[in-house]
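Chain by chain, the residues:
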Amino acid sequence: MRGEPMNLSPYWLPYLPGRLSLLHKTRIASLDADRISPAEGEITVPEGDIISDTGELTWETNPQDGRVLIDTPRQQAIIGRAGERQTTHLRLSLETPFAAIQLASLEDAPIASASRLLLLACARVANTDQTWVDDSRQQPASWGHAPVRIEPVSGTITLRGLVGATCVTVQPLDGSGQPNGEPLPLEKNAGEYLLNLSSLPSTPWYLIQVER
């Protein structure tokens, strides 16, 4: 592999970087072909921000303010630092320094018409007294002990484009996916529904139910 780390060339071809899968659909067509395709130089991957050829994945590379956006009919996500970003059905104003927010349909239907959605809001998660070798937090120095502790996510989420919605509720879920309290109605404003995460019990999971 010419001395390159394995994770930079997952296709066993040094000239095909791992970033290729962020841009195009990839697969192995044959393990016994007469020649290797694509040949070196046939495919290039742009430097900097990447937008997939479907437009469903945006990978921002700014080291101080980079984000990942996923925007598909049945799942959408905003992953990154504090600030404002949006997808088709999800607009986020994040106060927590770094978090991952995901919205997914729980039915065989797109987010726009589904009646049950799962909302994930996750920041830092670690065992009690867990420590790291350095600030990169890639290698633990000590795994610590139970219980697992989570950093609450603060910010405002706006759900939009929910076709025919007359009422939208949110219900926090516990670690077993069971309801933790009663469903709470979201504030409606010009056809959009506002969710203030800071006012809800701290949990990574919320059930969103849409009435029509």
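Use the structure listed above.
Parameters at a glance
- Residues numbered from 1 in each chain as written.
- Predicted model: local features only at pLDDT ≥ 70, side-chain atom pairs only at ≥ 80, totals over all residues.
- Heavy atoms only, no water.
- Salt bridge = Lys/Arg side-chain N within 4 Å of Asp/Glu carboxyl O.
- Helix = DSSP H or I, 4+ residues; strand = E, 2+ residues; numbered from the N terminus.
- Buried < 20%, exposed > 50% of the residue type's maximum accessible area, 1.4 Å probe, protein only.
- Contact = heavy atoms within 4.5 Å.
- Core = buried A, V, L, I, M, F, W, Y, C linked by side-chain atoms within 4.5 Å.

S.K.: I'd love a proper account of the pattern of salt bridges, names of residues and values included.
M.R.: With the rule as written, the count across this model stands at 4 salt bridges. Linking Arg74 and Asp108 is a salt bridge whose minimum nitrogen-to-oxygen distance equals 3.3 Å. With Arg74 in the loop between β3 (67-71) and β4 (75-86) and Asp108 in the loop between β5 (90-105) and β6 (116-122), this residue pair connects regions lying 34 residues apart in the sequence. The class for Arg74 is partly exposed, based on a relative accessible area of 40%.

S.K.: For the side chain of His89, give the residues involved together with the corresponding values.
M.R.: Among the structural elements, His89 can be located in the loop between β4 and β5. Taking the relative accessible area as the measure of exposure, His89 reaches 10% and is therefore buried. Setting aside its immediate chain neighbours within four residues, His89 contacts Gln76, Leu103, Ile111, Ala112, Thr158, Leu159, Arg160 and Gly161.

S.K.: Outline the nonpolar core, supporting the account with residue identities and numerical values.
M.R.: Formed by 30 residues in total, the largest nonpolar core has its most connected members in Ile101, Ile157, Leu159 and Val168. Those elements giving two or more residues to this core turn out to be β5, β6, β11 (155-159), β12 (167-172), β15 (192-196) and β16 (205-211). At 6 residues, β5 tops the list of elements feeding residues into this core. Ignoring any residue separated from it by four or fewer positions in sequence, one finds Leu159 in contact with His89, Leu90, Leu103, Val168, Leu186, Glu192, Tyr193 and Ile208.

Nothing here speaks to function; it is geometry throughout.
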